[in-house]
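Remarks on the overall topology
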Amino acid sequence: MTRKSRRLILIAACGSVLALAVGLILFAMSGSIVFFRSPSDIAQQGIAPGTRLRLGGLVKDGSLKRGPGQTVDFTVTDTNATVEVQYKGLLPDLFREGQGVVAEGTLEPGGLFRADTVLAKHDESYMPREVADALKAQGRWQEGGAKGGPSPKPATASAEKTLGPRSER
Amino acid sequence: MIVETGHFALALALAISLVQAVMPVWAARSGDPALRQTASQAALGAFACVLFAFAALTYAHATSDFSVQNVVENSHTQKPLIYKLSGVWGNHEGSMLLWVLILTLFGACVAVARNSVPPRLRANTLGVQGLITFVFVLFIITTSNPFSRVIPAPLEGNDLNPLLQDPGLAIHPPLLYVGYVGFSISFAFAVAALIDGRIDAVWARAVRPWTLTAWCFLTLGIAMGSYWAYYELGWGGWWFWDPVENASLMPWIAGTALLHSTVVMEKRDALKVWTVLLAILTFSLSLIGTFLVRSGVITSVHSFATDPTRGIFILAILILFIGGSLTLFAWRAPLLRQGGLFAPISREGSLVLNNLFLVAGCATVLVGTLYPLLLEMLTGEKITVGPPFFNSTFVPLAIPLLLIVPFGQALAWKRGDVLAAAQRLFAALAVALVIGLGVLALTWGGPMMAPVGIGLGAYLLIGSALEIVSRARGYGASRTRSLGQIGRRAFGLPRSAWGTSLAHAGVGVVVIGIAAQGWATEGLATLKPGQTLTTGPYTATLERVAPRTGPNYEEAAAYLTVRNRSGDEVGQVETGKRFYPSRKMAVTESGLLTIGASQVYASLGEIGQDGSVGLRLYYKPLVLMIWLGAVVMALGGGLSLTDRRMRVGVPAKARGRALPAATVPAE
């Protein structure tokens, strides 16, 4: 086998593996990416039912209702618009009314958001970054501390930002 | 006082590491070998200083010295001692100090390992290592000082995040860091070779033990982190394709590629430029991982208090080392003497294919991890790239890679014979196919990929066993059929052969464990005492819910009895909800019942006023094989590390010839 043909085979192998990788990435990018939306986005944009998305905002005070068989209903708000969410499963430990939450799932034709994943903050002083940004966009959030860490920062209490969006499935 | 001394020791380490960085350059200019020796002494000195600083911080944590800010924020008098000690690195400042401690430890090891590295290469390597140490110590001192004081000192600390109060914290970060930081040595060797403009098989032999050590620890660290997330986070997943996990996976993949390409370089004196580039890329990915995890661009359990100056500093370090080394590579690599091209069908050809697939897989993970960050930066659009993306990009690239693992082993160096290799692997292929089809028939109607994965894992396991057998049997005239002789010869095979086989078998075990998760089941119910929940072949009965008190928490624990299909008791599981008053934070403690390599996993939900509890129960068949397989892989690497070839240094190789081996170019 000549030097030239060996080099050709090497280049062909590199090229085909690279093409395979690029092809796979492009294919996956078109189908498996989930966008983040706030309740106002959903109200304004008219998102097609069945689209998978991440909904973020605050859990509205007094909206949490527990149904039979570990089904929970709650309302997510960004203070301008609200979305009803239904979820079947165990809620994260730090899921609270009045606190930030991110839910992943699909929007049903009636406007109900059926979540299969609910993510909450994992530290008292932490708000999911997407939620903080979305609330800021609504002008409802005053930044209290360092950028990205919207919690008020007392001198000794740590503004630790811990365990953010991990999915419960 | 000890705290101030620790702070001073850190400042001293900064100065010493600068000496370590500068001296080899000076030595090269002045041609004075005595100056070169200074780099070794400086490396030891820097290690001693950082060790002292680390010990001082540990002392402050152990004695709950609340005049130190770092202790106030992360400790509590009632916290058990093990978490006081491991809490040293359960925060940003302390974990960076651990990072630097391991960095200087590796530097000291290179300085002490006298016989294995030519002096000039060692001095240059230590110089690069010194520069890395200097920059990171500067980062700690200027932006993340763990020794800053609080006046007046509070009486009580804020306690460590309850999620981190787990034995995993004592094990996972040190293992992972030894892996991450260990690749800095391969990087330093690569940069030293580029500066020197010379690279050969001696270089490959010198760098291989370090790469292998780092790789073994990184394997264990990732596995430990995965198991910790599995049992602590309470939703039964073992890998989330979370950016912080990807951050540790990427250097691991690149490091695996590097391990394989150094073999080619050592044996065949080829792939030199590529190996140098891989060494640079591997540590660059470690740095990117550090940046992602420590700068706060990604929120996770790993990101602590965020401070924009830190992110910018780490980004600057990233640009300095990645940009600098790649520029050096572009400038100097053409000077390196290229190795010859080789036949595509050969052991080295298959290793090139291995590298191609690994690098392509690593690239897909990198794209999936960085794309959301770049998109948000450029357009403001927030997206999530989750498991579906990685499952449809990384997995299709991993499967052909796994298929060629036993194949490459069966091919000879220089010129292989596909037909002969296929014949040797025929048994493995046939048995794996039978196993896969058998499993498929038994679980008909279940997920299709699981039997495929089981068959693939079996193929890898049998393939690595066959490799040992056929090597022991010998080739050509020395081929034997006597079982006793095969056994004796197998025993006499080099440890690296056994190590390779063991590591590849470990991959097979991991693949089987992952594939079996296709049959995992889960159940969810609201239970009152006496009621049951069934998932897979097991049924759990809620016996009672009772309060418990821990050292720094209150807990409501649910006691469950697990029975199999025929109603026999298999074991007891406890799962609880802990409340930590100091942080006002609740944490679910999941309960695990191990049955063989499988597990029943219970997670407690909301406790209702009427005494009912929410319960999630998972059945995870063969799940332990995922982590045991990783341990087997690391053991294989460790075994390979004890091989004679690794210990025999350069001078021994040049025995009988010129005394200072470094002056003998191996080319």
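Residues numbered from 1 in each chain as written. Chains lettered and ligands numbered in written order. Predicted model: local features only at pLDDT ≥ 70, side-chain atom pairs only at ≥ 80, totals over all residues.

1. What about the overall build of chain B?
Stated precisely, the cut-off is as follows: The helix and strand labels rest on DSSP assignments: H or I over at least four residues marks a helix, E over at least two residues marks a strand, and numbering proceeds from the N terminus. As defined in this context, the radius of gyration uses C-alpha atoms, and a globule is described by 2.2 Å times the residue total to the power 0.38. Residues are called buried when their C-beta atom has 20 or more other C-beta atoms within 10 Å, exposed when it has 12 or fewer, and partly exposed otherwise; all C-beta atoms are positioned from the backbone.
Each helix and strand in chain B was counted, giving 20 helices and 10 strands. By the compact-globule yardstick of 26 Å for 667 residues, chain B fits well, its C-alpha radius of gyration being 27 Å. Over its C-alpha atoms, taken along the principal directions, chain B stretches across nearly 85 × 75 × 55 Å. In chain B, buried positions account for 54% of the 667 residues.

2. Quick look at the overall build of chain A
Formally: Here the contact rule is simple: place C-beta atoms from the backbone, and any two residues whose C-beta atoms are within 7 Å are in contact.
Helices and strands together make up the secondary structure of chain A, namely 3 helices and 7 strands. Element order for chain A, N to C, with α for helix and β for strand: α-β-α-β-β-β-β-β-β-α. Per-residue burial over chain A gives 43% buried out of 169 residues. For chain A, the proportion of contacts with a sequence separation of at least 24, taken over those separated by at least 6, is 54%.

3. Notes on the environment of Trp274 of chain B
Note that Trp274 of chain B resides in helix H10 (residues 272-294). Sequence spacing of Trp274 of chain B and Leu292 of chain B is 18 residues, and the spatial spacing of their C-alpha atoms is 26 Å.

4. Observations concerning helix H7 (residues 167-196) of chain B
All names here are of chain B. Which entries qualify depends on this criterion: To estimate the expected span of a helix, subtract one from its residue number and multiply by 1.5 Å.
Given a rise of 1.5 Å per residue, 30 residues ought to cover 44 Å, and the 45 Å separating the end C-alpha atoms of H7 matches this to within 8%. Most of H7 is tucked away: 23 of the 30 residues are buried. Just beyond H7, the residue with positive phi is Gly197, at close to 70 degrees.

5. Focus: the sheet that holds strand S10 (residues 613-620) of chain B
One key point about sheets: their strands pair by backbone hydrogen bonds, in either a parallel or an antiparallel sense. Residue and element names in this part refer to chain B. Stated precisely, the cut-off is as follows: DSSP calls a pair of strands paired once it identifies at least 2 bridges connecting them. A fitted line through C-alpha atoms represents every axis, and for helices the fit uses only the stretch in contact; the resulting angles, taken between N-to-C directions, go from 0 to 180 degrees.
What the 4 strands build is an open sheet, ordered S2-S10-S9-S8; its pairing is antiparallel. The two strands at the open ends of the sheet, each matched to only one other strand, are strand S2 (521-527) and strand S8 (591-595). Adjacent strand axes in the sheet meet at a mean angle of 15 degrees, parallel and antiparallel pairs treated alike. Bridging between S8 and strand S9 (residues 598-607) involves 5 bridges; their strand directions are antiparallel. Across the sheet, the residue bridging to Thr594 is Gln599, located in S9.

6. Focus: the packing of helix H13 (residues 387-410) of chain B against helix H15 (residues 449-473) of chain B
The angle between the axes and the distance between the axes are what describe a pair of packed helices. Residues and elements named next belong to chain B. Just so we agree on the cut-off: Here the word oblique covers every angle except those under 35 degrees (roughly parallel), over 145 (roughly antiparallel) and from 65 to 115 (roughly perpendicular). Residue classes follow a fixed rule: Ala, Val, Leu, Ile, Met, Phe, Trp, Tyr, Cys and Pro count as nonpolar, while Asp, Glu, Lys and Arg count as charged, and any other residue, Gly among them, counts as polar.
Closest axis-to-axis distance for the H13/H15 pair is 9 Å, and the angle between their directions is 10 degrees. The angle between the axes of H13 and H15 places the two elements in the roughly parallel class. Contacts between H13 and H15 involve Leu402, Val405, Pro406, Gln409 and Ala410 from the former and Leu456, Tyr459, Leu460, Gly463, Ser464 and Glu467 from the latter. In terms of residue class, the contact of H13 with H15 is made up of 7 nonpolar, 3 polar and 1 charged.

7. Describing the sheet that holds strand S4 (residues 538-549) of chain B
All names here are of chain B. The antiparallel open sheet is built from 5 strands, whose spatial order is S3-S4-S5-S6-S7. In this open sheet, the two strands that pair with only one neighbour each are strand S3 (532-535) and strand S7 (585-589). Between one strand axis and the next, the sheet turns through 25 degrees on average, direction left out of account.

8. Digging into the packing of helix H1 (residues 2-30) of chain B against helix H2 (residues 33-62) of chain B
Residue and element names in this part refer to chain B. Where we set the bar: Take the far helix as the reference: if the near one is turned anticlockwise from it by less than a right angle, the crossing is left-handed, and if turned clockwise, right-handed.
Relative to each other, H1 and H2 sit at 165 degrees, their axes nearing to 7 Å. Taken together, the axes of H1 and H2 lie roughly antiparallel to each other. As for how H1 packs across H2, the hand of that crossing is left-handed. Classifying every residue of the contact of H1 with H2 by side-chain character gives 26 nonpolar, 7 polar and 1 charged.

9. Let's talk about helix H17 (residues 495-516) of chain B
In this model H17 of chain B runs 31 Å from its N-terminal to its C-terminal C-alpha over 22 residues, within 8% of the 32 Å that 1.5 Å per residue would give. Counted residue by residue, H17 of chain B has 20 buried out of 22 residues, so it is predominantly covered.

10. Structural notes on unusual backbone geometry
All names here are of chain B. Cis rather than trans, the peptide bond between Ile151 and Pro152 has omega equal to -5 degrees. Mapped onto the elements, Pro152 comes out in the loop between helix H6 (119-143) and H7. Positioned with a positive phi, Leu271 is a non-glycine residue whose angle comes to about 60 degrees. Along the chain, Leu271 falls in the loop between helix H9 (243-268) and H10. C-beta crowding within 10 Å serves as the criterion here: with 24 such atoms nearby, Leu271 is assigned to the buried category.

11. Concerning the nonpolar core
Threshold: For this analysis, nonpolar core means a set of buried Ala, Val, Leu, Ile, Met, Phe, Trp, Tyr and Cys residues linked through C-beta atoms within 7 Å.
Among the nonpolar cores identified, the biggest contains 173 residues, and Ala13, Val50, Ala53, Val100 and Phe189 of chain B are the most heavily contacted of them. Beyond its immediate stretch of four places on either side in the chain, Val50 of chain B contacts Leu10, Ala13, Val100, Leu101 and Thr104 of chain B.

12. A word on the confidence of the model for chain B
All names here are of chain B. What counts here: You can read pLDDT as the predictor saying how much it trusts each residue, on a scale of 0 to 100.
With 94% of its residues at a pLDDT of at least 70, chain B reaches an overall mean of 88. When pLDDT is averaged over each element of chain B, helix H18 (residues 624-641) comes out on top at 96 and helix H20 (residues 650-653) at the bottom at 40. Across the interfaces of the predicted complex, the ipTM metric reaches 0.81, alongside a pTM of 0.90.

13. Things to note about the pairing of strand S4 (residues 71-77) of chain A
Residues and elements named next belong to chain A. With respect to burial, S4 is a largely interior element, 5 of its 7 residues being buried. Looking at chain direction, strand S3 (residues 65-66) and S4 are connected through 2 bridges and run antiparallel. Residue pairing in the sheet places Lys65 in a bridge with Asp73 of S4. Counting the residues that bridge the hairpin from S3 to S4 gives 4 residues, and of these Gly69 lies at a positive phi of roughly 65 degrees. By the bridge criterion, 7 bridges tie S4 to strand S5 (residues 82-88) in an arrangement that is antiparallel. Looking at the pairing, Thr75 lines up with Glu84 of S5. Joining the antiparallel neighbours S4 and S5 is a turn of 4 residues, in which Thr79 adopts a positive phi near 75 degrees.

14. Structural notes on the environment of Gly157 of chain B
Residue and element names in this part refer to chain B. With respect to the secondary-structure elements, Gly157 resides in the loop between H6 and H7. Classification of Gly157 by C-beta neighbours within 10 Å gives buried; the count is 26. On a C-alpha basis, the gap between Gly157 and Thr77 in space is 7.2 Å, while along the polypeptide they are 80 residues apart. Every residue in contact with Gly157, bar those within four places of it in the chain, is listed here: Ser64, Phe66, Val71, Val72, Ser75 and His76.

15. A look at the confidence of the model for chain A
All names here are of chain A. When pLDDT is averaged along chain A, the result is 75, and 71% of the positions lie at 70 or above. Confidence, expressed as mean pLDDT per element, reaches its minimum in chain A at helix H3 (residues 129-137) with 67 and its maximum at S5 with 92. In the predicted structure, residues 142-169 sits below a pLDDT of 50 and forms 90 contacts with residues beyond four places in sequence or in another chain.

16. Examining the pairing of strand S6 (residues 569-580) of chain B
Residue and element names in this part refer to chain B. As defined by bridge partners, strand S5 (residues 554-563) adjoins S6 across 10 bridges and the pair is classed as antiparallel. Bridge pairing in S6 links Glu555 to Arg578. Hairpin connection of S6 to S7: 4 residues between the antiparallel strands, including Lys584 at a positive phi of 50 degrees.

17. Overview of the environment of Val191 of chain B
Residue and element names in this part refer to chain B. Residue position: Val191 is located in helix H7. According to the C-beta neighbour criterion, Val191 is buried, with 27 such atoms within 10 Å. In sequence terms Val191 and Phe329 are 138 residues apart; their C-alpha atoms lie 8.0 Å from each other. Not counting chain neighbours up to four residues away, the residues in contact with Val191 comprise Val128, Ser325 and Leu328.

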